[in-house]
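Survey of secondary and tertiary structure
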Amino acid sequence: MDTRSRRETTKTTYAAVFLGSMMVLVGLGMIITHILFPPDGSGIIKVQDGAFGYISRGILVVGGLIILFYRRKGNYFIVGLYAIILGVSRIIRSFPGLTGESDYGFYASIVFIGIGVNLVISGYNHLTVRTRNPTMMRITAIAMLSMYVIALTFVYINQLDLSSAVRNAADMLWFAPLYISLIVILSSREILDNIPMGRIRRYSESISDTMYMGDSITVSPEDAEIIKAGLSDTSGWTERDVAGMQVREAKISFRTEAGDRDVILGKVSEKDGLVVSIVGDSTDSFVTGKRFKVQRFKESDGTLELYDGNGVCAVLKVGGDE
């Protein structure tokens, strides 16, 4: 059974609240602006609107509300859903430019539609756990913002009238915060830590932290006695059934430069050596740890030397709390 979706879904809802609210506000802002300050059709780019424009703005409002409704599904789900809604809205908003009188508007619409389609694909892949790497989505959002800057600059240079440029390209200004918001969320620590390489990095760091013990390992006199006695006598130890074998265990701790480490001592029979497993926390779940087998020991000058079949495998300082 594929449990990736459940395993990788984050628990916080900050992305949903932020992105959903931003989308609703921008959609309403577009509608209000268009009603109060309709395009006058002047300038080199004659903006076409019609039904597609209203549908595009309405999609943002409804889409934002949907995101807020599904906010409990986690940030990864929300990011994918947001990208799909944003891409669809941008594609529909660009349709009128394909039939407009301006050649510039036609070519700009082609580019906007292409980038919008790419955003929808990126969002779908993210939503369905095909990929958890937001790089392409981030690149798409940056590309769209770059196109807005180029288009607005072109309009301004050719019209030489900033108020007219803003009036006839208001939707570009409104769309910009939506892409900036997406880039901000994609750059957040939670998203970056949960992409494939981020999860590998965090897992490697956790393993490294568990395995690293520094150059000085200290064991209490009481725990040292348990180790020595366990090589010949495990009476009083906890007995467990492991794969049909009766294993006797005892728990002690090592004090290391990286903090205390739980140590599980295990022995199958009195003739076998003592298996020492060092883990981060024996009360938590773990798969494996630093493990070695002790056959004998030697003690001198406050030091306990442990030997396996090849020689010294560990040297422990015996002492109390420091």
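Please read these numbers as outputs of a predicted model, since none were measured by experiment. (Residues numbered from 1 in each chain as written. Predicted model: local features only at pLDDT ≥ 70, side-chain atom pairs only at ≥ 80, totals over all residues. Heavy atoms only, no water.)

Okay, the overall build of the chain next. Helix and strand counts for the chain come out as 11 helices and 9 strands. A total of 322 residues make up the chain; the buried ones form 42% of that total. Sequence-distant contacts, at least 24 apart, represent 62% of the contacts inside the chain between residues at least 6 apart. Accessible area of the chain: about 17100 Å², with a carbon and sulfur share of 60%. (Helix = DSSP H or I, 4+ residues; strand = E, 2+ residues; numbered from the N terminus. Buried < 20%, exposed > 50% of the residue type's maximum accessible area, 1.4 Å probe, protein only. Contact = heavy atoms within 4.5 Å. Areas by Shrake-Rupley, 256 points an atom, 1.4 Å probe, with all protein chains shown as cover.)

As a further point, take the packing of helix 2 (residues 14-36) against helix 4 (residues 75-98). The relative placement of two packed helices is expressed as an angle between their axes plus a distance between the axes. In contact at an axis separation of 8 Å, helix 2 and helix 4 are set at 20° when each is read in the N-to-C sense. When the axis of helix 2 is compared with that of helix 4, the two are roughly parallel. Where helix 2 crosses over helix 4, the handedness of that crossing is left-handed. For the pair helix 2 and helix 4, the contacting residues are Tyr 14, Ala 15, Ala 16, Leu 19 and Met 23 in the first and Asn 75, Ile 78, Tyr 82, Ile 85 and Leu 86 in the second. Tallied by class, residues from the contact of helix 2 with helix 4 come to 9 nonpolar, 1 polar and no charged. (Axes fitted to C-alpha atoms, helices over the stretch in contact; angles between N-to-C directions. Parallel < 35°, antiparallel > 145°, perpendicular 65-115°, else oblique. Left-handed = near helix turned anticlockwise from the far one by under 90°. Nonpolar A, V, L, I, M, F, W, Y, C, P; charged D, E, K, R; others polar.)

Note on placement: Val 294 falls in strand 6 (residues 290-294). By relative accessible area, which is 0% here, Val 294 ends up buried. A sequence separation of 13 residues divides Val 294 from Tyr 307, and the C-alpha atoms of the two residues are 5.5 Å apart.

Going through the model one piece at a time under the given rule, you end up with 5 aromatic pairs. Summarising the aromatic geometry, the rings of Phe 52 and Phe 95 are spaced 5.5 Å apart at their centres and angled 80° between planes, so their arrangement reads as edge-to-face. With Phe 52 in helix 3 (residues 50-69) and Phe 95 in helix 4, this pair connects stretches of sequence that are 43 residues apart. Its relative accessible area of 39% is what places Phe 52 among the partly exposed residues. Residue classification places Phe 95 among the partly exposed residues on the basis of a relative accessible area of 31%. Seen in terms of ring centroids, Phe 106 and Tyr 107 are 5.4 Å apart; in terms of plane orientation they differ by 75°. Their pairing is edge-to-face. Accessibility expressed as a relative area gives 32% for Phe 106, which makes it partly exposed. Judged by relative accessible area, Tyr 107 falls into the exposed class, the value being 56%. A connected cluster of aromatic rings, assembled from ring pairs, spans Phe 69, Tyr 70 and Phe 77. Between the NZ or CZ atom of Arg 296 and the centre of the ring of Tyr 307, over which it lies, the distance is 4.2 Å. (Phe/Tyr/Trp six-rings, centres within 6.5 Å; stacked < 30°, edge-to-face > 60°. Lys NZ or Arg CZ within 6 Å of the ring centre and 35° of its normal.)

With that settled, consider the confidence of the model for the chain. Looking at the chain, the pLDDT average stands at 76 and 73% of residues meet or exceed 70. For the chain, the element scoring lowest by mean pLDDT is helix 1 (residues 4-8), at 41; helix 3 scores highest, at 89. Every residue in residues 1-10 is under pLDDT 50, and counting partners more than four places away or in other chains gives 14 contacts. Low pLDDT (under 50) marks residues 42-47, which in the prediction has 19 contacts with non-local residues, meaning those over four places away or in another chain. (pLDDT = per-residue confidence, 0-100.)

Bringing the pattern of salt bridges into the picture now. The full count for this structure, using the stated rule, is 4 salt bridges. With a closest N to O distance of 2.7 Å, Lys 228 and Glu 299 form a salt bridge. Here the residue Lys 228 occupies a position in helix 11 (residues 221-230), and Glu 299 occupies one in strand 7 (residues 296-300), the gap between them amounting to 71 residues. A salt bridge links Glu 249 to Arg 240; the nearest nitrogen and oxygen atoms lie 2.9 Å apart. For Glu 249, a relative accessible area of 18% translates into the label buried. Take Arg 240: its relative accessible area is 39%, and that puts it in the partly exposed class. Overlapping salt bridges bring together Glu 225, Lys 228 and Glu 299 as one network. (Salt bridge = Lys/Arg side-chain N within 4 Å of Asp/Glu carboxyl O.)

With that settled, consider the pairing of strand 7. Judged from the 5 bridges that link them, strand 7 and strand 8 (residues 303-308) form a sheet pairing that is antiparallel. The partner of Glu 299 across the bridge, within strand 8, is Leu 304. Where strand 7 hands over to strand 8, the hairpin turn is made up of 2 residues, of which Asp 301 adopts a positive phi near 50°. (Pairing = 2+ DSSP bridges.)

A positive phi is found at Asp 301, a non-glycine position, where the angle reads about 50°. Take Asp 301: it is sitting in the loop between strand 7 and strand 8.

Leu 86, Tyr 148 and Tyr 179 are the most contacted members of the largest nonpolar core, which totals 34 residues. Of all elements in the fold, only helix 2, helix 3, helix 4, helix 5 (103-127), helix 6 (135-159) and helix 8 (170-186) reach the threshold of two or more residues within this core. The element best represented in this core is helix 8, accounting for 9 residues. The contacts of Tyr 148, once residues within four sequence positions are left out, are Arg 90, Phe 112, Met 172, Phe 175, Ala 176 and Tyr 179. Counting residues in hydrophobic clusters, the runner-up holds 20 residues, among them Val 219, Ile 227, Leu 231 and Ile 278. (Core = buried A, V, L, I, M, F, W, Y, C linked by side-chain atoms within 4.5 Å.)

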